Amino acid sequence: MKIFKYAGLMAIGVALSCKPGDFGDVNVSPNSPSTPQTYLLLTNVERNMAGIISSVTPRLYTQQNSETLYTSESRYNTKVYSYAAIYNNPLEDLTTIIQLNTDAGTKGAPNVIGGGSNANQIAIARILKAFLFQNMTDRWGDIPYSEALQGLSKPTPKFDKQKDVYTALFKELKEAIAQFDAGATVKGDILFSGSIAKWKKFANQIRMNMALRLSKIDPATGKTEFNAALADGVLTSNSDNMFYAYLAESANENNMYNNYNVAKRYDYTIGKPLLDYLQSNNDPRLGVYAERTGPNVGGVNTGPYVGMPYGLTQALAGAYSIGGFNPSGVFVGGSVSAFGSKFRQQNSAVSIFTYAESRFAVAEAYKLGWITGAPDDVNAALAYTDGIKASLSQHGITDATTVANYLAQAGVVYDPANAVKQIITQKWVANYMGYGYEAWADWRRTGFPTLTPSPYPQNLGGQIPRRQCYTTEEASLNKANYQNVIASQGPDELNTRIWWDKP
């Protein structure tokens, strides 16, 4: 990873320093810009975020999804996950955006200022860097941070402790929010169309989520940071919901559409643990989250809802089928339920942060005593109910009687003795087919929802992963720092707990 980490910056430097005539006109592409356009770099960054936001891996860890064909990841066979692509592409582009908008010699250039005011471009780039670094540190623990992205001056950066990364990210997010100005709107922003209000809420939601990660390891700091983020403004209704918007075109289509409709592989579907939970509480979201099983009558699946068992061997999984599209293009059910059609359209949006999840976070904070100074079940119950209603509404369930009947279910009514379990489990349900790394983080720090590991695990210890292992390039190209981080953090294994993940 370290060899490649600075390659993009070197390439940009060459592009800025060389004249087309140096190599003759025959080597000049009329379709390639000779200078980096910051708004195009931003678009590239946000396009690269799709793979992180839509990742199936954390959904498998938390059993929101099950594998139906190749089941190795559900059995924790995959150990090494590379973060090289995050450093090499989006983080380098964001570093370049910040540099171009900061340096006196470039900040006023047309290719830079055409992307929006300097301050607004820098603020957005800093927020996105924080989002990506938080994703990485929550997955791997200690990571290269303070010495990363420095090119040839630091080709083998040290690993910063996760505690220090978190401290730096809290600071970075607060400073970025304060940096926005009334200048030109940022171009190239496919997430929020340059909306400063939306970017501030995005940053504050990251801060709030980070604060809850500290509920066991450093609750005092967590409380302070949570309340500061809450006061600065987070999501206040479903109109604030934040999505990665895929398009109705092959160049940027939903990954589940590609899996079902294009490749016709049908590799993933709703996990039995989640489907069973929905059924046990007569959850009206079930019909949205999953398809009925066959037979198909008049183009409609008429069978029951059946979840795909989790973590089976490939041979055992072969006994199940989620069905597929017939020659007429009609989806015909199999023996287990497929994803609901809402989540597998070509342009199906994937949620990043939602109002429902934000309200569940507030409910937990009330229960922890972070907001009113002592555990507050009255306000926790109100925020918890708000979260459920918001999730139901997000999925088109607004009938007052239906909502009331669901809230009256014995397993749904707020119970002070089991409040955190209820809050996090409902948050897990609301997160379905969204940004799954949030649900995985919640499970690690709280133990909820209650999950049973794969009955056929292939990892050391046989438990649900608590982190991901470093890219193999670290051990070979950054050996001394790699050995230091292993000595400090613990074995480079899936079952090693990261800093905030305490029993």
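Residues numbered from 1 in each chain as written. Predicted model: local features only at pLDDT ≥ 70, side-chain atom pairs only at ≥ 80, totals over all residues. Heavy atoms only, no water.

Trainee: Which residues make up the overall build of the protein chain, and what values do they have?
Mentor: On a plain count of helices and strands, the protein chain comes out with 21 helices and eight strands. Compactness check: the protein chain gives a C-alpha radius of gyration of 23 Å against a globular reference of 23 Å for 503 residues, within 12% of the reference. Its C-alpha atoms give the protein chain principal-axis dimensions of roughly 70 × 60 × 45 Å. Buried positions account for 55% of the 503 residues belonging to the protein chain. Sequence-distant contacts, at least 24 apart, represent 75% of the contacts inside the protein chain between residues at least 6 apart. (Helix = DSSP H or I, 4+ residues; strand = E, 2+ residues; numbered from the N terminus. Rg over C-alpha atoms; globule rule 2.2 N^0.38 Å. Buried < 20%, exposed > 50% of the residue type's maximum accessible area, 1.4 Å probe, protein only. Contact = heavy atoms within 4.5 Å.)

Trainee: Account for the packing of aromatic side chains, with residues named and values stated.
Mentor: Enumeration over the complete set of coordinates arrives at 33 aromatic pairs. A network of ring pairs unites the aromatic residues Tyr61, Phe131, Phe192, Trp199, Phe202, Phe353, Tyr435, Tyr437 and Trp440 as a single cluster. The ring of tyrosine 39 has lysine 187 sitting right over it, with the charged end atom 4.6 Å from the ring centre. Cation over ring: arginine 467 sits above tyrosine 470, and NZ or CZ is 4.8 Å from the ring centre. (Phe/Tyr/Trp six-rings, centres within 6.5 Å; stacked < 30°, edge-to-face > 60°. Lys NZ or Arg CZ within 6 Å of the ring centre and 35° of its normal.)

Trainee: Can you lay out helix H3 (residues 38-53) for me, pointing to particular residues and giving the numbers?
Mentor: When the terminal C-alpha atoms of H3 are compared, their 23 Å separation across 16 residues agrees well with the 22 Å that a helix rising 1.5 Å per residue should span. Every buried residue of H3 is accounted for by Thr38, Leu41, Leu42, Val45, Glu46, Met49, Ala50, Ile52 and Ile53. (Expected span 1.5 Å × (residues − 1).)

Trainee: If you had to explain the side chain of serine 351 to someone new, which residues and values would you point to?
Mentor: Here serine 351 lies in strand S8 (residues 350-353). Residues in contact with serine 351, not counting those within four places in the same chain, are Ile53, Met242, Phe243, Gly434 and Tyr435.

Trainee: Lay out the pattern of salt bridges in plain terms, naming residues and giving numbers.
Mentor: By the definition in use, this model includes 22 salt bridges. Here glutamate 291 and arginine 344 are joined by a salt bridge, their closest N and O atoms 2.2 Å apart. Here glutamate 291 is found in the loop between helix H13 (286-289) and strand S4 (296-297), whereas its partner arginine 344 is found in the loop between strand S7 (331-332) and S8, with 53 residues between them in sequence. Side by side, glutamate 291 and arginine 344 carry an identical accessibility label, which is buried. The shortest N-O distance in the salt bridge between arginine 466 and aspartate 501 comes to 2.7 Å. Linking arginine 466 in the loop between helix H19 (436-446) and helix H20 (472-477) with aspartate 501 in the segment after helix H21 (479-489), this pair joins segments that are 35 residues apart in sequence. There is no split in this pair, since arginine 466 and aspartate 501 are both buried. Connected via shared salt-bridge partners are Arg126, Lys171, Glu172 and Glu175. (Salt bridge = Lys/Arg side-chain N within 4 Å of Asp/Glu carboxyl O.)

Trainee: Go over the nonpolar core, please, and point to the residues and values.
Mentor: When a protein is soluble and globular, its nonpolar side chains tend to lie buried together. With 135 residues, the main nonpolar core has Phe131 and Phe202 as its most contacted residues. In terms of residue count, the dominant contributor to this core is helix H7 (residues 118-140) (12 residues). Excluding anything up to four places from it in sequence, phenylalanine 202 contacts Ile127, Phe131, Phe192, Met242, Ile352 and Phe353. (Core = buried A, V, L, I, M, F, W, Y, C linked by side-chain atoms within 4.5 Å.)

Trainee: Quick one: what's the story with the environment of proline 465, residue by residue and with numbers?
Mentor: Topologically, proline 465 is positioned in the loop between H19 and H20. Looking at proline 465, the relative accessible area reads 0%, which means it is buried. It is 9.3 Å that separates the C-alpha atoms of proline 465 and proline 453, two residues lying 12 residues apart in sequence. Those residues within four positions of proline 465 in sequence are excluded, and the remaining contacts are Tyr61, Tyr76, Trp440, Trp443, Arg444 and Leu494.

Trainee: Describe helix H16 (residues 377-394), and please don't skip the residues or the numbers.
Mentor: End to end, H16 covers 25 Å across 18 residues, agreeing with the expected 26 Å (1.5 Å per residue, within 8%). Among all positions in H16, only Ala380, Ala381, Ala383, Tyr384, Gly387, Ile388, Ala390, Ser391, Leu392 and Gln394 are buried. Between the side-chain oxygen of the N-cap and the backbone nitrogen of valine 378 there are 3.2 Å, and the N-cap of H16 in question is aspartate 376. Once H16 ends, the next one or two residues include glycine 396, with phi positive near 85°. (Polar contact = N/O pair within 3.5 Å; in protein donor to acceptor, adjacent residues only side chain to side chain.)

Trainee: Please provide a residue-by-residue account of the confidence of the model for the protein chain, values included.
Mentor: Summing up the model confidence of the protein chain, the mean pLDDT is 93 and the portion of residues at 70 or higher is 93%. Segment residues 1-24: pLDDT under 50, and 44 contacts once partners within four positions in sequence are set aside and those in other chains are kept. (pLDDT = per-residue confidence, 0-100.)

Trainee: Quick one: what's the story with the packing of helix H9 (residues 196-213) against helix H10 (residues 219-232), residue by residue and with numbers?
Mentor: Between H9 and H10, the shortest axis-to-axis distance is 8 Å and the interhelical angle comes to 160°. Comparing the axis directions of H9 and H10 gives the class roughly antiparallel. Both H9 and H10 take part in a crossing whose hand is left-handed. Residues Asn204, Arg207, Met208, Ala211 and Leu212 of H9 touch H10, and the partners they reach there are Gly222, Glu225, Phe226, Ala228, Ala229, Leu230 and Asp232. For the contact of H9 with H10, the residue count by class is seven nonpolar, two polar and three charged. (Axes fitted to C-alpha atoms, helices over the stretch in contact; angles between N-to-C directions. Parallel < 35°, antiparallel > 145°, perpendicular 65-115°, else oblique. Left-handed = near helix turned anticlockwise from the far one by under 90°. Nonpolar A, V, L, I, M, F, W, Y, C, P; charged D, E, K, R; others polar.)

Trainee: Now, about unusual backbone geometry: what can you tell me, with residues and values included?
Mentor: In this chain, glycine 294 is followed by proline 295 through a cis amide linkage whose omega measures 5°. With respect to the element layout, proline 295 can be found in the loop between H13 and S4. A cis amide bond, omega 0°, links phenylalanine 448 with the succeeding residue proline 449. As for its position among the elements, proline 449 is in the loop between H19 and H20. Positive phi outside glycine occurs at glutamine 63, with the angle close to 60°. The class of glutamine 63 is buried, set by a relative accessible area of 3%. Look at asparagine 282: it is not a glycine, yet its phi comes out positive at around 50°. One can find asparagine 282 in the loop between helix H12 (272-280) and H13. The exposure class of asparagine 282 is exposed, given its relative accessible area of 53%.

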